[in-house]
Amino acid sequence: MIPTIEASPEEIYDIELEKTLLQANAKLAKENRAQLDRHDITAIDFMGAIGSGKTTLIGRMAAKLKDQFNLAMFNGDATTVDDVNLIAKQGVPTVQLATINGCHLDANLVGKALRKIDLNKVDLIFIENIGNLICPAEFPLGSRARVVVVSVTEGPYMVRKHPHMFLGADIVVINKIDLAEVMGVNVEDLARDVHTLKPDIKVMLTSCKTGAGVDKVAAALLAIKESRADA
Ligand code: MG
Ligand code: ZN
């Protein structure tokens, strides 16, 4: 038997603070969503570990959808502007959300970013969260859908180890499938782990390098955008 030590709520000294913080965030997320809805804007946020391919996937989505929609992109990055520059190069208006040492985006930062763009000239916003599989799950931003990007390079257990991330998501993209064999990772096993956690979630397989599956993800995002039009 391996002993397990689990923190009880009384032992987590910041729990009171955290509860209030999460409530405040949830309220701001609702306000963001109401503002987006008033302008008929669909926001989709992308979460996932460092190096899972969030920026590259967003870049591919921008290339597919920018002729059809007025896009904007908010990029959460602790310190650098490398990623936001990649998307800006495609002619997409971008806002950099520098969290400094913060390990997730929150609804307050996203609300500030919404004040930096002309909401009358945007239909679809992609939000890239900080590379992290833990706390972004707890901070809704006001988006219509949440996408989790995982890559086979993260090993075979990352889905099971981060259930909250997947429980709160609408789409899971398993990326870098061109590397699955060399990584010794079975993509079907990863997809099954996701479906075990959340049976109705959409799981899509991609390689942003070869382009496999990228059209299908773009179609899924388009469907989210269009479901808004019916709402
Ligand atoms: Mg990135
Ligand atoms: Zn965090």
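In this report, the structure presented in the accompanying data block is examined. Throughout, residues of each chain are indexed from 1 in the direction in which the sequence is written. Here chains are named by letter from A upward and ligands by number from 1 upward, in the order in which they appear as written. Two thresholds apply to this predicted model, a pLDDT of at least 70 for residue-level local features and 80 or more for giving and counting side-chain atom pairs, whereas whole-chain, interface and lining totals are computed over all residues. Heavy atoms from the whole structure form the basis of all side-chain values; hydrogens and water molecules are not counted.

1. Some details on the pattern of salt bridges
The test is simple: Salt bridge, as applied in this entry: a Lys or Arg side-chain nitrogen positioned within 4 Å of an Asp or Glu carboxyl oxygen. Strands here mean DSSP runs of E at least two residues long; helices mean DSSP runs of H or I at least four residues long; both are numbered from the N terminus. Only protein chains enter the accessibility calculation, which uses a 1.4 Å probe; a residue whose area is less than 20% of its type maximum is buried, one above 50% is exposed, and one in between is partly exposed.
One pass over the full model with this rule turns up 8 salt bridges. Its salt-bridge partner being Glu 31, residue Lys 27 comes within 3.3 Å of it at the nearest N-O pair. Within this pair, Lys 27 and its partner Glu 31 are both found in helix H1 (residues 15-38), separated by 4 residues, close to a single helical turn. With a relative accessible area of 54%, Lys 27 lands in the exposed category.

2. Some remarks on the packing of aromatic side chains
This is how the line gets drawn: Pairing of aromatic rings covers Phe, Tyr and Trp, the last through its six-membered ring, and needs centres within 6.5 Å; plane angles under 30 degrees mean stacked, over 60 mean edge-to-face, and all others mean tilted.
According to the stated counting rule, one finds 1 aromatic pair in the structure shown. Seen in terms of ring centroids, Phe 46 and Phe 126 are 5.6 Å apart; in terms of plane orientation they differ by 90°. Their pairing is edge-to-face. Of this pair, Phe 46 sits in strand E1 (residues 42-48) while Phe 126 is found in strand E4 (residues 124-128), placing the two residues 80 residues apart along the sequence. Take Phe 46 and Phe 126: they sit in the same class, and that class is buried.

3. Thoughts on the coordination of the magnesium ion (ligand 1)
Expected angles at a metal are 109.5 degrees for tetrahedral coordination by four donors and either 90 or 180 degrees for octahedral coordination by six donors. Where we set the bar: Metal-coordinating donors are taken as N, O and S atoms lying within 2.8 Å of the metal, or within 3.2 Å when the metal is Na, K or Ca; because water is left out, some sites can appear incomplete.
Those donors, Thr 55 (OG1), Asp 83 (OD) and Glu 128 (OE), are the protein atoms that reach the magnesium ion (ligand 1), and they lie 2.0 Å from it. In terms of primary sequence, the donors binding the magnesium ion (ligand 1) are separated according to T-x27-D-x44-E. Note that Asp 83 is positioned in helix H3 (residues 82-88) and Glu 128 in strand E4, a separation of 45 residues in sequence. Assessed through its relative accessible area of 3%, Glu 128 is described here as buried.

4. Focus on the layout of surface pockets
Rules: Here a cavity is any set of points on a 1 Å grid over the protein atoms alone where a 1.4 Å probe fits but cannot get out, and a pocket is any open set with protein on both sides within 12 Å along at least 5 of 7 lines; a residue lines the site when it has an atom within 4 Å of a point. Grid points are joined across faces, edges and corners, and a volume is the space filled by probe spheres set on the points.
In this structure, the largest pocket encloses a volume near 200 Å³. Around the largest pocket, the lining comprises 16 residues; the ones closest to its centre are Ile 50, Lys 54, Asp 83, Glu 128 and Gly 131. Of all the elements in the fold, those that place two or more residues in the lining of the largest pocket are helix H2 (54-65) and strand E2 (71-77). The greatest single-element share of the lining of the largest pocket, amounting to 3 residues, is contributed by H2.

5. Observations regarding helix H8 (residues 187-197)
Inclusion rule: The reported arc concerns the directions from the helix axis to the C-beta atoms and nothing else. Any two residues whose heavy atoms approach within 4.5 Å at even a single point are treated as in contact.
The set of residues buried in H8 consists of Val 187, Leu 190, Ala 191, Asp 193 and Val 194. Angularly, the buried residues of H8 cover 155° about the axis, an arc narrow enough to put them on a single face. Opposite its buried face, H8 presents the exposed residues Glu 188 and Thr 196, each directed more than 90 degrees away. Against helix H5 (158-161), helix H6 (163-167), strand E6 (171-175), helix H7 (180-183) and strand E7 (202-205) lie the buried residues of H8.

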